[in-house]
Amino acid sequence: MDLHGQLKRLFEERFSANRETRYGVEQEFFLVDRAGIPATLDQSQAFLLEISNQNSWYVREFYEYEDIQYIWRVSQEVGQNRYIALKYDHPPHLIELASSVHSSIRSLRDEISRSLDTIDFAAEKVGLVRSRRPFLEMSGSDPRIISHFPEFIELRATRRRIAELHGKTLNPNDENYAALIAATQINISGAIDLNSNTVNRLYILEAMLTQRMGKGLESDWFYKRWHGFDRAFGETPLGGFPRLPSWTFDGWIDALLNTPIKSASGSDAQGLTLRELHNRSPYGTDHVALIKSLRDLQLIRPKLFGGLEFRSAPAQASSDDIISLVIARDAALKFAASSIQFSLNYVQAREIWIDCLGGEGAQHKLRPKVDSLAAAFDRYAEEWNERLRSA
């Protein structure tokens, strides 16, 4: 069996083994001082230390740099083999809260609410604030938000290299774009068939859902969320909304083989694809390591836990907003798996997503199709909205 077939079989096995519906959230947020200035490394270290002193929290992982050990991850055990984690997403100021996995949206909501309360309490004790904003209004080249940890230096170099391979030159602001944005990512598993049309239809729904995610934000939120990403990865097969005629399981595996791998700065492999390198891959038959080495940066990503990760939403401000997003994604997944006909196709949906990136909100000729799809989805999702109200 060739590498395509081996990777496909790995995901089939993982998804078939995870049939129960479960939910998880990764919530990113900026730590800022009371004047709104991003936290320094010393300040965010004080925050993580304060979290580790809270009831049942502890330091789970350190990061060593120049002979100094920094707290990297703190955790709280909430059940057998179930943990909540707080870790750096982009030091020194961008932190990620990873929930444990839940079979109930009610229990997930309660956990997120408690976790955010703990975060806010610890931040206040060390003179910081959890920002409710999904963007920093500053340049990515500002030295206050540039990490000097080696892996982040390599990450910026890889972004430059990938852009160069596609004829682009990144400025310092764009190469450090990820330090300026915070996201809410939703993970859902449960009887998802990658060989069906479900993921393709989920991407079509992005044409409608994208326009709802910026509730309460300024009109250019989508540009702020995706411009730097698109500059770095927009020409790769799986950068954002995949550059495919439609999303199919086999098409996605082919795109993975043409996706840049993670590699050290200065390496001959930096920015090159798995297809170009698989004959001399250091991973051999370790296909899990192969998957983890890839930069699969699409909006809806199949993951090795046997479910989907939804990555397009800006960071939500409150636990209620987060749970509303979970319920919307849950409804979209069920709607996509239904037999209801869609008024848009994949290519049209991608066109709308690109138009949003360019700042066009009206969606010209496709707007009626978006409205029709939105109306059908809202009718279908009414029971999930009721579920939120009664949970």
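As a reminder, the structure under discussion sits directly above these lines.
Residues numbered from 1 in each chain as written. Predicted model: local features only at pLDDT ≥ 70, side-chain atom pairs only at ≥ 80, totals over all residues. Heavy atoms only, no water.

> How would you explain the overall build of the chain if you had to name every residue and give the values?
Tallying secondary structure elements over the chain gives 13 helices and 11 strands in all. The globule rule puts the C-alpha radius of gyration for 391 residues at 21 Å, and the 21 Å found for the chain is close to it. Its C-alpha atoms give the chain principal-axis dimensions of about 55 × 55 × 45 Å. A sequence separation of at least 24 residues applies to 72% of the contacts in the chain between residues at least 6 apart. Of the roughly 17000 Å² of accessible surface on the chain, a fraction of 47% belongs to carbon and sulfur atoms. (Helix = DSSP H or I, 4+ residues; strand = E, 2+ residues; numbered from the N terminus. Rg over C-alpha atoms; globule rule 2.2 N^0.38 Å. Contact = heavy atoms within 4.5 Å. Areas by Shrake-Rupley, 256 points an atom, 1.4 Å probe, with all protein chains shown as cover.)

> Tell me about the pairing of strand S4 (residues 82-90), residues and numbers included.
Of the strand pairs in this sheet, strand S3 (residues 68-79) and S4 are connected by six bridges, and their pairing is antiparallel. Along S4, the bridge assignment pairs serine 75 with alanine 85. Counting the residues in the hairpin turn of S3 and S4 gives two residues, including asparagine 81, whose phi is positive at 60°. Pairing of S4 with strand S5 (residues 94-98) involves five bridges; the strand directions are antiparallel. Residue pairing for S5: leucine 86 is matched across the bridge by leucine 97. (Pairing = 2+ DSSP bridges.)

> Please give an account of the pattern of salt bridges that cites residues and values.
Tallying each qualifying case throughout the model produces 24 salt bridges. Across the salt bridge formed by lysine 168 and glutamate 235, the nearest N and O atoms sit 3.8 Å from each other. Pair noted here: lysine 168 is in the loop between helix H4 (150-165) and helix H5 (172-175) and glutamate 235 is in the loop between helix H7 (221-233) and strand S8 (239-240), with a separation of 67 residues, a long-range link. With relative accessibility at 18%, the residue lysine 168 sits in the buried group. When its relative accessible area of 34% is taken as the criterion, glutamate 235 is described as partly exposed. Ionic contacts of the salt-bridge type, sharing partners, join the residues Arg133, Glu137, Glu218, Asp220 and Lys224 into one network. (Salt bridge = Lys/Arg side-chain N within 4 Å of Asp/Glu carboxyl O. Buried < 20%, exposed > 50% of the residue type's maximum accessible area, 1.4 Å probe, protein only.)

> For the nonpolar core, give the residues involved together with the corresponding values.
Residues Phe47, Leu86, Leu202, Leu205 and Leu308 are the most contacted members of the largest nonpolar core, which totals 109 residues. For this core, the element with the most residues is helix H11 (residues 319-336), which contributes 10 residues. Phenylalanine 47 has contacts with Phe29, Leu31, Leu86, Ile119, Ala122, Ala123, Val126 and Leu128, leaving out every residue within four places of it along the chain. Counting nine residues, the second-largest nonpolar core is a separate cluster that includes Phe30, Val32, Leu136 and Ile145. (Core = buried A, V, L, I, M, F, W, Y, C linked by side-chain atoms within 4.5 Å.)

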